[in-house]
Amino acid sequence: MDRIRIVGGQPLHGTIPISGAKNATLPLMIASLLTDQTLILDNVPRLADVVQLQRILGNHGVDIMTSGKRPGDDEYKGQTMHLSATRIVDTTAPYELVSKMRASFWVIAPLVARMGEARVSMPGGCAIGTRPVDLLIMALERLSARIDVDGGYVVARAPDGLKGGEINFPKVTVSGTHTAVMAASLASGTTVIENAAREPEIADVADCLNKMGARISGAGTSRIVIEGVAKLHGAWHKVVPDRIETGTYAMAVAMSGGDVVLDGARPELLQSALDVLALAGAEVSATNQGIRIARNGAGLRPVEITTEPFPGFPTDLQAQLMALMTRAKGTSHITETIFENRFMHVQELARFGARIHLDGETATIEGVDRLKGAPVMATDLRASVSLVIAGLAAEGETMVNRVYHLDRGFERLEDKLARCGADIVRVSS
Ligand code: UD1
């Protein structure tokens, strides 16, 4: 199993290219199931989750081709992926494949919409709370799908096709909104989604679906209206930049000090996080190329934040911000409202000498003058990168174990940081 070794204390200077968003790429790949024509996705990140989803889609009969190198390509450019679901040969997504990644459950929507049936194993993924799928099921039922649970599988049937309906989510859910939008695109009649998730990845997928012939309006707001169509066709779409990767590197720079341009990043995708960084004392500015983030010497100020659905502060940056606040001059409070049990990084951060106290859904972080490098264990995707951020500022050596969590969601993390002067290497064993 690979590990990452970091010797802390180096400021970061240079440019970090931002990859396409994992959380847009996965549903975009799944959207290829909605048509028998080819969907071409550009700016696809090289991630373990993408490879895993290729396997799952391949099992349904999707042919997937990633283009080779072109003149002028550099290794940091995203991949171009052609996905052709000309014939769906299997409407079952088996446990062995789905249990590794929660988002693969989402194939249920296009499969039942196009084929009239889907049999999908209950999902796995990061161990952050219970993460049920009741709202996804509710959305499909509102579109007239019949749902049964059988031997750990959710079976959805709509032999006469899905029918448009009203879906009012009692809680904002990204997965529920993706499911509803994809299913409603091929349902007959009109669907209205109330209290929809407003995350930029929802708008990105809707944008792609509209290029494929769907009729979706309001994506990116809390009310989405979809006029169902009988068929979708092929399209070309470039994946939106990854706002979580952007925020992660912004926090790494705020932690280590230095001056870095996050190439290709879009500030409007993570304004709440950039505002928090500015409050903490980092210099943040928008440039033609992306976002510039700098901090020189001055101490960090503590912050009070609560995670919220977009446009609030994202839960996927909570662990990284906590790592940053371990060095603030004063006491910070971070409240997690999206997922229970998303504090597994707390005990690992304590190994660096961080002082964090947990009380229910709120963490109180007392800033310390210095962190000391330590062997630590990655527990989930975003938690693991918070350990890298702590390691960048800690004195001496940090060894991050179980790096496969990082590889699920961060492309060439150690290369990107090393190119800016960090002392970080992957140790393969
Ligand atoms: C997506 C993101 C994940 C991010 C999360 C919140 C992807 C691939 N993953 O996850 O990185 O942390 O949004 O921004 O895009 N819930 C229910 N019932 C359901 C579905 C969800 O109760 O049927 C609850 C969840 O347990 C959670 C909350 O709703 O408490 C939000 O979950 P959701 O927005 O659906 O997160 P994911 O789509 O799984």
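These numbers were taken from a predicted model, which means no experiment stands behind them. (Residues numbered from 1 in each chain as written. Predicted model: local features only at pLDDT ≥ 70, side-chain atom pairs only at ≥ 80, totals over all residues. Heavy atoms only, no water.)

Colleague: It is not clear to me how the overall build of the protein chain should be interpreted in this structure. Could you clarify?
Modeller: When helices and strands are counted, the protein chain shows 14 helices and 24 strands. Against the 2.2 N^0.38 benchmark of 22 Å for 429 residues, the protein chain shows a C-alpha radius of gyration of 21 Å, consistent with a compact globule. Across the 429 residues that make up the protein chain, the buried fraction comes to 56%. Carbon and sulfur atoms form 48% of the exposed surface of the protein chain, whose accessible area is close to 16,400 Å². Of note, the protein chain has its 44 positive side-chain charges centred 2 Å away from the centre of its 48 negative side-chain charges. (Helix = DSSP H or I, 4+ residues; strand = E, 2+ residues; numbered from the N terminus. Rg over C-alpha atoms; globule rule 2.2 N^0.38 Å. Buried < 20%, exposed > 50% of the residue type's maximum accessible area, 1.4 Å probe, protein only. Areas by Shrake-Rupley, 256 points an atom, 1.4 Å probe, with all protein chains shown as cover. Lys, Arg positive; Asp, Glu negative; His and termini not counted. Charge placed at Lys NZ, Arg CZ, Asp CG, Glu CD.)

Colleague: Sorry if this is basic, but what is going on with the sheet that holds strand β5 (residues 79–84) here?
Modeller: By definition, the strands of a sheet pair up through backbone hydrogen bonds, in either a parallel or an antiparallel sense. Pairing within the open sheet is mixed, and its 4 strands lie in the order β4-β5-β3-β14. On the outer flanks of this sheet lie β4 (63–66) and β14 (235–238), each paired with one strand and no other. On average, each strand axis in the sheet is inclined to that of its neighbour by 15 degrees, with strand direction left out of account. Looking at chain direction, β4 and β5 are connected through 4 bridges and run antiparallel. Residue pairing in the sheet places Thr-66 in a bridge with Met-81 of β5. Of the strands in this sheet, β3 (38–44), β5 and β14 are in contact with helix α1 (residues 22–31), which crosses β3 at around 170 degrees. Packed onto the sheet, helix α7 (residues 200–211) meets β3 and β14 and runs at close to 160 degrees relative to β14. (Pairing = 2+ DSSP bridges. Axes fitted to C-alpha atoms, helices over the stretch in contact; angles between N-to-C directions. Contact = heavy atoms within 4.5 Å.)

Colleague: I'm lost on unusual backbone geometry in this one. Help?
Modeller: Both trends apply: most residues other than glycine have a negative phi, and most peptide bonds are in trans. Residue Pro-311 is bonded to the preceding Phe-310 through a cis peptide linkage, with omega at 10 degrees. The residue Pro-311 is located in the loop between β18 (304–306) and α10 (318–325) in this model. Of note in this structure, Ser-144 is not a glycine but carries a positive phi near 75 degrees. In this fold, Ser-144 is placed in the loop between α5 (134–142) and β8 (146–150). By relative accessible area, which is 37% here, Ser-144 ends up partly exposed. With a phi angle near 60 degrees, Arg-402 is a residue other than glycine that sits in the positive phi range. Structurally, Arg-402 is set in the loop between β23 (397–401) and α13 (404–409).

Colleague: How should I be thinking about the side chain of His-237 in this particular structure?
Modeller: Position of His-237 among the secondary structure elements: in strand β14. Using a relative accessible area of 1% as the deciding quantity, one classes His-237 as buried. For His-237, the side chain forms a polar contact with the side chain of Lys-211, separated by 2.7 Å. Discounting residues that sit within four places of it in the chain, His-237 has contacts with Leu-28, Ile-40, Leu-41, Asp-42, Asp-204, Asp-207, Cys-208 and Lys-211. (Polar contact = N/O pair within 3.5 Å; in protein donor to acceptor, adjacent residues only side chain to side chain.)

Colleague: Whenever I open this one, the sheet that holds strand β2 (residues 12–17) confuses me. Can you help?
Modeller: Ordered in space as β2-β15-β17-β16, the 4 strands form an open sheet in which the pairing is mixed. Only two strands of the sheet have a single neighbouring strand rather than two, namely β2 and β16 (283–286). On average, each strand axis in the sheet is tilted by 10 degrees relative to the strand beside it, whichever way the strands run. One ladder, built from 4 bridges, connects β16 with strand β17 (residues 290–295); its direction is antiparallel.

Colleague: I'm lost on the site of the ligand in this one. Help?
Modeller: The full set close to the ligand counts 19 residues, and Asp-134, Leu-135, Ser-175, Asp-316 and Ile-338 are the nearest of them. Arg-102 is positioned such that a nitrogen or oxygen atom in its side chain is 2.9 Å from an oxygen atom of the ligand. Note that an oxygen atom of the ligand is positioned 2.6 Å from one of the side-chain N or O atoms of Asp-316. Relative to its unbound accessible area of 740 Å², the ligand is 91% covered by the protein chains. At the level of elements, α5 and α6 (174–185) are the ones that each hand at least two residues to the shell around the ligand. When residues of the shell around the ligand are assigned to their parent elements, the largest contribution, 3 residues, is made by α5. (Near = heavy atom within 4 Å.)

Colleague: Help me out: how do you make sense of the confidence of the model for the protein chain in this one?
Modeller: If pLDDT is low for a region, its predicted coordinates should not be looked at in detail. A residue-level look at the protein chain finds 98% of positions with pLDDT of 70 or above and a mean pLDDT of 94. Between residues 125–129, whose pLDDT stays under 50, and residues either more than four places distant or in other chains, the model counts 18 contacts. (pLDDT = per-residue confidence, 0-100.)

Colleague: Any chance you could explain the pattern of salt bridges here in plain terms?
Modeller: Opposite charge on two side chains makes pairing possible when the charged atoms of those side chains draw close. The tally for this structure, following the rule as stated, stands at 22 salt bridges. Ionic pairing is found between Asp-316 and Arg-382, a salt bridge with its closest N-O pair at 3.9 Å. Taken together, the residues span a long stretch of sequence, with Asp-316 in the loop between β18 and α10 and Arg-382 in helix α12 (residues 381–393) at a distance of 66 residues. Like Arg-382, Asp-316 is buried. Measuring nitrogen to oxygen at the nearest pair gives 3.9 Å for the salt bridge that ties Asp-415 to Arg-412. Accessibility expressed as a relative area gives 27% for Arg-412, which makes it partly exposed. (Salt bridge = Lys/Arg side-chain N within 4 Å of Asp/Glu carboxyl O.)

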